[in-house]
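Given next are the chains, with one letter for each unit.
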Amino acid sequence: MARFFGTGLLLGAALVAFVAGTLGALPQALLPAPARWAVFALVAVPALLRELGLVRFPVPQNARLVPEDVQHLRRWGALQFGFEMGTGMRTYSPSALPHVVLAAVLLVVPFPAAFALAAGFALGRLAMPLLSNAWSDDGSWTQVWARAERAVRPLLALTCVGALAVAMLVP
Amino acid sequence: MTARPLLHPLTAALALLLAGLVAGWAGGPALLLVAGAAAGFANSGST
């Protein structure tokens, strides 16, 4: 089932990369790089501060709970659910990092490279349920995550923003 | 039980950071893969 969910994640993320990359062609063609980086910084810096726990603000999200019957889905259901989750727009967004990645695709990442970001997003999104299932089947992963969250979120934010900056700015 | 430390979210986050450092040293699109993975992992919350 994980294969179908993972494939769905990849397809959903690739679709967003395609649409955002296509839309991003306009600002990337019209605006000079310093202006695009300045706009990107307006998104990335507050998001980084949020993930570091220094500021608090809500992020745009689809505030809908995932129905419980999703866990009983079979192959095509898992593919569809993975696709929806892969877009990052299926349910609540606990992090601002997807917004940073989306802004990067719109403003500073060349079109083909957007698909590397999408593949990474799908892999990272897939990792959590795989780790959770491997940890135990009693749902205790939720408590583990809650205890680790204060350390994990800043690490992920620094990794994401740092990797984006180095990938785009270092020749 | 012995594999549990490897499954811990902090281990996963540190592995991603290490992967980012290696990819930064090596260059190429691997850095973007790591950036996306960090965002995807962070976006999944607890499940």
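Note that this is a predicted model, so its numbers are computed, not measured.

A.B. asks: I tried to follow the overall build of chain B on my own but got confused; where do I start?
C.D. replies: Counting secondary structure elements, chain B contains three helices and zero strands. Each helix (α) and strand (β) of chain B, taken in turn from the N terminus, gives the series α-α-α. A buried classification covers 43% of the 47 residues belonging to chain B.

A.B. asks: Explain the interface of chain B and chain A here, please?
C.D. replies: By a widely used convention, the size of an interface equals the accessible area lost when the partners come together. Facing the 31 residues of chain B at the interface are 44 residues of chain A. Those elements giving two or more residues to the side of chain B that touches chain A turn out to be helix 1 (4–7), helix 2 (9–26) and helix 3 (30–43) of chain B. Considering every element that reaches the side of chain B that touches chain A, the biggest residue donor is helix 3 of chain B, with 13 residues. Considering only residue class, the side of chain B that touches chain A consists of 20 nonpolar, ten polar and one charged.

A.B. asks: When you look at the packing of helix 1 (residues 2–30) of chain A against helix 5 (residues 114–135) of chain A in this model, what are you seeing that I'm missing?
C.D. replies: A pair of packed helices can be characterised by two numbers: the angle between their axes and the separation between those axes. Residue and element names in this part refer to chain A. Between helix 1 and helix 5, the least distance of the axes is 8 Å, while the angle of their chain directions is 150°. Considering only the axes of helix 1 and helix 5, their crossing is right-handed. Seen from helix 1, the contacting residues are Ala-2, Phe-5, Gly-6, Leu-9, Leu-10, Ala-13, Ala-14, Val-16, Ala-17, Ala-20 and Gly-21; seen from helix 5, they are Ala-114, Phe-115, Leu-117, Ala-118, Ala-119, Phe-121, Ala-122, Arg-125, Leu-126 and Leu-130.

A.B. asks: What's the story with helix 3 (residues 75–86) of chain A in this structure? I'm lost.
C.D. replies: Residue pairs spaced three or four apart in an α-helix point in one direction, given the helix's 3.6 residues per turn. Residue and element names in this part refer to chain A. In this model helix 3 runs 16 Å from its N-terminal to its C-terminal C-alpha over twelve residues, within 8% of the 16 Å that 1.5 Å per residue would give. Turning to helix 3, its buried residues number three or more, namely Ala-78, Leu-79, Phe-81, Gly-82, Phe-83, Met-85 and Gly-86. Summarising the contacts, the buried residues of helix 3 are in contact with helix 1 and helix 5. Backbone geometry just downstream of helix 3 places Gly-88 in the positive-phi region, at approximately 75°.

A.B. asks: Help me out: how do you make sense of the environment of Val19(A) in this one?
C.D. replies: For Val19(A), the location among the structural elements is in helix 1. For the pair formed by Val19(A) and Ala118(A), sequence separation is 99 residues and the distance between their alpha carbons is 12 Å.

A.B. asks: What should I look at first to understand the packing of helix 4 (residues 97–107) of chain A against helix 6 (residues 141–169) of chain A in this one?
C.D. replies: Residues and elements named next belong to chain A. The N-to-C vectors of helix 4 and helix 6 enclose an angle of 5°; their axes lie 10 Å apart at closest approach. Between helix 4 and helix 6, the interaxial angle falls into the category roughly parallel. Seen from helix 4, the contacting residues are Leu-97, Val-100 and Ala-104; seen from helix 6, they are Leu-156, Ala-157, Cys-160, Val-161 and Leu-164. Grouping the amino acids of the contact of helix 4 with helix 6 by side-chain chemistry returns eight nonpolar, no polar and no charged.

A.B. asks: So what exactly am I meant to see when it comes to the confidence of the model for chain B here?
C.D. replies: When pLDDT is low, close inspection of the predicted coordinates is not appropriate. Residues and elements named next belong to chain B. Counting all residues, the mean pLDDT for chain B is 86, and 87% of those residues have values of 70 or more. Across chain B, element-level confidence peaks in helix 3 with a mean pLDDT of 95 and bottoms out in helix 1 with 77. Predicted complex, confidence summary: ipTM 0.91, pTM 0.92.

A.B. asks: I'm lost on the environment of Leu16(B) in this one. Help?
C.D. replies: Within the fold, Leu16(B) resides in helix 2. Look at Leu16(B) and you get buried, because 25 C-beta atoms sit within 10 Å. Each C-alpha atom of the pair Leu16(B) and Val34(B) lies 6.6 Å from the other, and the pair is 18 residues apart in sequence. Dropping the residues within four chain positions of it, Leu16(B) is found in contact with Leu156(A), Thr159(A), Val34(B), Ala37(B), Ala38(B) and Phe41(B).

A.B. asks: Help me understand the UniProt feature "transmembrane region" (unreviewed entry) in chain A, please; the structure alone is not making it clear to me.
C.D. replies: All names here are of chain A. Following the UniProt record, one finds the feature "transmembrane region" (unreviewed entry) at residues 35–55, 100–123 and 151–170. Within residues 35–55, the helical portion is 81% and the strand portion 0%, while the C-alpha atoms at the span's ends are 25 Å from each other. Measuring from the first to the last C-alpha atom of residues 100–123 gives 17 Å, for a span that is 75% helix and 0% strand.

A.B. asks: When you look at the nonpolar core in this model, what are you seeing that I'm missing?
C.D. replies: Within soluble globular proteins, side chains that are nonpolar tend to cluster in buried spots. Ranked by internal contacts, the top residues of the largest apolar core, which has 63 residues, are Leu97(A), Val100(A), Leu117(A), Leu156(A), Cys160(A), Ala35(B) and Ala38(B). The leading source of residues in this core is helix 5 of chain A, at eleven residues. Among all residues touching Ala38(B), those that are not within four sequence positions of it are Leu97(A), Gly124(A), Leu156(A), Thr159(A), Cys160(A) and Leu16(B).

Cut-offs applied
- Residues numbered from 1 in each chain as written.
- Chains lettered and ligands numbered in written order.
- Predicted model: local features only at pLDDT ≥ 70, side-chain atom pairs only at ≥ 80, totals over all residues.
- Helix = DSSP H or I, 4+ residues; strand = E, 2+ residues; numbered from the N terminus.
- Buried ≥ 20, exposed ≤ 12 C-beta atoms within 10 Å, placed from the backbone.
- Contact = placed C-beta atoms within 7 Å.
- Nonpolar A, V, L, I, M, F, W, Y, C, P; charged D, E, K, R; others polar.
- Axes fitted to C-alpha atoms, helices over the stretch in contact; angles between N-to-C directions.
- Left-handed = near helix turned anticlockwise from the far one by under 90°.
- Expected span 1.5 Å × (residues − 1).
- Parallel < 35°, antiparallel > 145°, perpendicular 65-115°, else oblique.
- pLDDT = per-residue confidence, 0-100.
- UniProt positions renumbered as here; feature names shortened; annotations may be inferred.
- Core = buried A, V, L, I, M, F, W, Y, C linked by C-beta atoms within 7 Å.

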